[in-house]
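Notes for the structure review
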Amino acid sequence: MTKPLALIVDDEPDILELLEITLNRMNIETCAAETIANAKALLQQHSFDLCLTDMKLPDGNGLELVDHIQSLRHPIPVAVITAHGNMDTAILAMKKGAFDFVSKPLELPAFRQLITSALKLSDPAAPKERRTRHTLLGESAVMREIRSKIDKLARSQAPVYISGESGSGKELVARLIHQQSARSDKAFVAINCGAIPLELMESEFFGHKKGSFTGAVSDSKGLFQAAEGGTLFLDEVADLPQSLQVKLLRAIQEKKVRPVGEQMEIPVDVRLLSATHKNLANLVNDGSFRQDLYYRINVI
């Protein structure tokens, strides 16, 4: 068995060393590059399984490397390392085809999860069933394009927003994205945001501690924790009240949730898919849906 090979692109020696040590302990070989030019040269010389790149490099921007890898005959999963809180850059990278992002300072448990998921996409011993045409029916050019898009999106961790009329198959598309992805062996959790009583919403999403409110007779995990390692599908996301939109935004940005009555935030690893039959852009314009949340869930 040959070890997986990762390309690390960063011009900070401390970060390079940390990444190399972490990956080597995961039984992954590494090659390091400090510039985009060096990285492109190494990509020609070796067959890599994944790439990690910083955004700020001496000879350009990490997004250029994302574009370059996407243009290769056999693209590999590429994750970008961003400055803490710089979600705009992370979102742009995922729009360009990056697999995922990780923020500095690195949190190693989340980083290891990201690497494990990325390697599943490169593992030839774990082929995915790609024949979505037997599930998502239709042979028109539009339907073939949708199936092609599902296959491509399954190779990313980017949040996806699915729009369409009631009954048009939004949840089916979400399930197919999950089934084709590296998360297919974990849970697919679907929730209709319009069907949860307002007073129970926060508990349903994030869980609660025993005694945190009347009727909380035991600790309870929320939907984010139930979908750990898998996919969380928020149907009718337009029906979320403003108070929960703020908390959902934080959960997406920080990849952490705080159960009701809990002091500490809990890391969560979920892929977020959302859908609604309403026009979210119009709801943003009239102020009933937060623009920043729309921006986060509507990456693709």
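As a reminder, the structure under discussion sits directly above these lines.
Thresholds applied
- Residues numbered from 1 in each chain as written.
- Predicted model: local features only at pLDDT ≥ 70, side-chain atom pairs only at ≥ 80, totals over all residues.
- Heavy atoms only, no water.
- Pairing = 2+ DSSP bridges.
- Helix = DSSP H or I, 4+ residues; strand = E, 2+ residues; numbered from the N terminus.
- Right-handed = clockwise from strand over helix to strand, strands pointing away.
- Core = buried A, V, L, I, M, F, W, Y, C linked by side-chain atoms within 4.5 Å.
- Buried < 20%, exposed > 50% of the residue type's maximum accessible area, 1.4 Å probe, protein only.
- Expected span 1.5 Å × (residues − 1).
- Arc of directions from axis to C-beta.
- Axes fitted to C-alpha atoms, helices over the stretch in contact; angles between N-to-C directions.
- Phe/Tyr/Trp six-rings, centres within 6.5 Å; stacked < 30°, edge-to-face > 60°.
- Lys NZ or Arg CZ within 6 Å of the ring centre and 35° of its normal.
- Contact = heavy atoms within 4.5 Å.

Another aspect to go through is the pairing of strand β2 (residues 29-33). Pairing between strand β1 (residues 5-9) and β2: 5 bridges, direction parallel. The residue of β2 that forms the bridge with Ala-6 is Thr-30. Each parallel crossover has a hand, and the one from β1 via helix α1 (residues 13-25) to β2 is right-handed.

The next subject is the nonpolar core. Core analysis: the biggest nonpolar cluster contains 31 residues, and Phe-205, Phe-224 and Leu-234 have the highest contact counts within it. Counting only elements with at least two residues in this core, the list comes to β9 (188-192), α8 (201-206), α9 (223-226), β10 (231-235), α10 (242-254), α11 (280-285) and α12 (291-297). If you tally residues by element for this core, the top one is α10, at 5 residues. In terms of nonpolar packing, the next biggest core, distinct from the first, is built from 29 residues, Ala-39, Leu-57, Leu-65 and Ala-93 among them.

Below, the discussion takes up α1. In an α-helix, one turn spans 3.6 residues; hence positions three or four apart end up facing the same way. The end-to-end C-alpha separation of α1 is 18 Å, in line with the 18 Å expected for 13 residues at 1.5 Å each. Along α1, the residues classified as buried are Ile-15, Leu-16, Leu-19, Thr-22 and Leu-23. One side of α1 holds all its buried residues, which, seen down the axis, span an arc of 140°. Those residues of α1 that are exposed and aimed more than 90 degrees away from the buried face are Pro-13, Asp-14 and Arg-25. Backbone geometry just downstream of α1 places Asn-27 in the positive-phi region, at approximately 65°.

Turning to the sheet that holds β10, a few remarks are in order. Within the open sheet, the 4 strands sit side by side as β8-β13-β10-β9. Their pairing is parallel. Each edge of the open sheet is held by one strand with a lone partner, namely β8 (160-163) and β9. If you compare each strand with its neighbour and ignore which way they point, the axes differ by 15° on average. Where β9 lies against β10, 5 bridges are found, and the strand directions are parallel. Looking at the pairing, Asn-192 lines up with Asp-235 of β10.

All right, on to the packing of aromatic side chains then. Here a ring pair, both rings aromatic, is described through the centre-centre distance and the interplanar angle of the planes. If you walk through the whole model with that rule in mind, you get 4 aromatic pairs. Geometrically, the ring pair formed by Phe-188 and Phe-233 is stacked, given 6.1 Å between the ring centres and 25° between the ring planes. Here Phe-188, found in strand β9, pairs with Phe-233, found in strand β10; they are 45 residues apart in sequence, far enough to count as distant. Relative accessible area serves as the criterion here: at 0%, Phe-233 is assigned to the buried category. Cluster of aromatic residues (ring-pair linked, three or more members): Phe-205, Phe-206 and Phe-224. In this structure, Lys-255 packs its charged tip against the face of Phe-101, placed 4.2 Å from the ring centre.

Bringing the sheet that holds strand β7 (residues 100-103) into the picture now. Taken in spatial order, the 5 strands of this open sheet run β2-β1-β3-β6-β7, and their pairing is parallel. Two strands in the sheet have a free side with no partner beyond their single neighbour: β2 and β7. Taking each pair of neighbouring strands and ignoring which way they run, the sheet shows an average axis angle of 20°. Its contacts with the sheet put helix α3 (residues 62-70) on β1, β3 (50-54) and β6 (78-82), and the angle it makes with β3 is roughly 160°. On top of the sheet, helix α4 (residues 87-95) reaches β6 and β7; it is set at about 160° to β7, its chief contact.

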